[in-house]
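Overview (structure and organization)
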Amino acid sequence: MPQHPGQPLAPPLLGDHGPRERQEHSWRQRPAVSDWDTALTGILAPLGPLMMRAFRHAHAPDVKPDGSFVTQTDRTAEAHIVAALHQAFPAHGVVGEEGSRRPATAGAPTWYIDPLDGTGAFMEGLAHWGPVLTAMDDQGVVGGAMFLPRLDELWFYERGVGAFRDRQRLLLRSARPTPPTRTLLVGGAMLQHLHIRWRGRLRNLGSTAAHLAIVAAGGASAAIVGPGWGTWDTALGLALIRATGGASACLGTTPTPADAPPCSPSIDAPSPAHNVDR
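**Digging into the overall build of the protein**
Each helix and strand counted, the protein has 8 helices and 15 strands in total. Contacts spanning at least 24 positions in sequence make up 59% of the contacts within the protein whose residues lie at least 6 apart. Of the roughly 12700 Å² of accessible surface on the protein, 54% is carried by carbon and sulfur atoms.

**So, the confidence of the model for the protein**
Averaged over all residues, the pLDDT of the protein is 81; the fraction at 70 or higher stands at 79%. Contacts of residues 1-21 to residues separated by more than four positions or lying in other chains number 50 contacts, the stretch itself having pLDDT below 50. Confidence drops under pLDDT 50 across residues 264-278; counting only partners more than four residues distant or on other chains, this segment forms 66 contacts.

**Structural notes on the side chain of Ser-34**
Within the secondary structure layout, Ser-34 lies in the loop between helix H1 (20-24) and helix H2 (35-44). Within the structure, Ser-34 has its side chain in polar contact with the backbone nitrogen of Trp-36 (distance 3.3 Å). Not counting residues up to four positions away in its chain, the partners in contact with Ser-34 are Phe-156 and Glu-158.

**Some thoughts on empty space enclosed by the protein**
Overall, the coordinates contain 1 cavity of 30 Å³ or more when judged by the stated rule. Taken together, Gly-187, Met-190, Thr-208, His-211, Ile-224, Val-225, Gly-226 and Trp-229 make up the lining of the largest cavity. Within the residue set of the lining of the largest cavity, elements represented by two or more residues are helix H7 (208-217) and strand S13 (222-225). Looking at the lining of the largest cavity residue by residue, the class counts come to 4 nonpolar, 4 polar and no charged.

**Overview of the sheet that holds strand S4 (residues 101-102)**
The strand order across the open sheet built from 8 strands is S4-S3-S5-S6-S7-S8-S9-S10, with neighbouring strands paired in mixed fashion. Two strands close off the open sheet at either side, each with one partner strand: S4 and strand S10 (168-169). Here strand S3 (residues 93-96) pairs with strand S5 (residues 110-117) via 4 bridges, running parallel. Each bridged residue has a counterpart across the sheet, and for Gly-96 the counterpart in S5 is Ile-113.

**Re the environment of Ala-39**
Looking at where Ala-39 falls in the secondary structure, it is placed in helix H2. For the pair formed by Ala-39 and Ala-84, sequence separation is 45 residues and the distance between their alpha carbons is 9.3 Å.

**Points about the packing of H7 against helix H8 (residues 231-243)**
Closest axis-to-axis distance for the H7/H8 pair is 8 Å, and the angle between their directions is 0°. Looking at the two axes, H7 sits roughly parallel to H8. From H7, Thr-208, Ala-209, Leu-212, Ala-213, Val-215 and Ala-216 reach across to H8, where they touch Asp-233, Thr-234, Gly-237, Leu-238, Leu-240 and Ile-241. When grouped by side-chain class, the residues that make up the contact of H7 with H8 number 8 nonpolar, 3 polar and 1 charged.

**Overview of the pattern of salt bridges**
A complete count under the given rule lists 3 salt bridges for this structure. For Asp-152, the salt bridge goes to Arg-28, with nearest N and O atoms at 2.8 Å. Note that Asp-152 is positioned in the loop between strand S7 (140-148) and strand S8 (153-158) and Arg-28 in the loop between H1 and H2, a separation of 124 residues in sequence. The two residues Asp-152 and Arg-28 agree in class, both being buried. For the salt bridge of Arg-159 with Asp-137, the shortest nitrogen-to-oxygen distance reads 2.9 Å. Placement of the pair is Arg-159 in the loop between S8 and strand S9 (162-165) and Asp-137 in strand S6 (residues 130-137), with a sequence separation of 22 residues. The class for Asp-137 is partly exposed, based on a relative accessible area of 25%.

Rules behind the numbers
Residues numbered from 1 in each chain as written. Predicted model: local features only at pLDDT ≥ 70, side-chain atom pairs only at ≥ 80, totals over all residues. Heavy atoms only, no water. Helix = DSSP H or I, 4+ residues; strand = E, 2+ residues; numbered from the N terminus. Contact = heavy atoms within 4.5 Å. Areas by Shrake-Rupley, 256 points an atom, 1.4 Å probe, with all protein chains shown as cover. pLDDT = per-residue confidence, 0-100. Polar contact = N/O pair within 3.5 Å; in protein donor to acceptor, adjacent residues only side chain to side chain. 1 Å grid on protein atoms, 1.4 Å probe; cavity = no way out; pocket = protein on both sides within 12 Å on 5 of 7 lines; lining within 4 Å. Points joined across faces, edges and corners; volume = space filled by probe spheres on them. Nonpolar A, V, L, I, M, F, W, Y, C, P; charged D, E, K, R; others polar. Pairing = 2+ DSSP bridges. Axes fitted to C-alpha atoms, helices over the stretch in contact; angles between N-to-C directions. Parallel < 35°, antiparallel > 145°, perpendicular 65-115°, else oblique. Salt bridge = Lys/Arg side-chain N within 4 Å of Asp/Glu carboxyl O. Buried < 20%, exposed > 50% of the residue type's maximum accessible area, 1.4 Å probe, protein only.

Below is the structure:
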């Protein structure tokens, strides 16, 4: 099990962060589900105040070659995460969206880092954005977490432990008491290039990782992820979906089994589009 990062959790943010009632019933009041949960929460939660201070302020982002934005908040968050991961998991490798690289010791997992998934949503004052961490080995996803500071929402997965939101286990698809929603989550770029026929709502929340997590929790029927998204965007969400009885498929194919790896989980080359269903 990992060493504890030794960093205190950030205090609850009220005010712009959300109603007091949510804080009183949040994940902060519940015990960690595992040592990995403790470690990853200790890494991600301190980023909440940093990101909330920058939220809704003027940004001067750079535009990356793929057309996406990167802000100073992205870079600062990645530096914090890389340093904290090195302290907690010194043998593990690192691949960060903003350029961080460190090779893993033989047999150890590699962490794929998106320091701020949903940068556009963050800049526009929306709610679904935050850091995402996913550890992978030659068998797939070992574990990972996503923290959404604006919502004070924590998502966690660990192989052999399960899938959780706010430290409460996600229900299996077969155990959900309510009928499935008719919402399809689609990224903005996909909406521009696809003609989608769907008998329900189409929504874009601005974060691929959040889209997939919401499907895992039953808040949407499916999500479509376009080409070019990296492992840091998709691996955690796909693990959450499969842990709750869902499946994924490349567009134009049949769903893959629950224990199958994601479609081309590549970091350095574009991935095929994913059609993810519960």
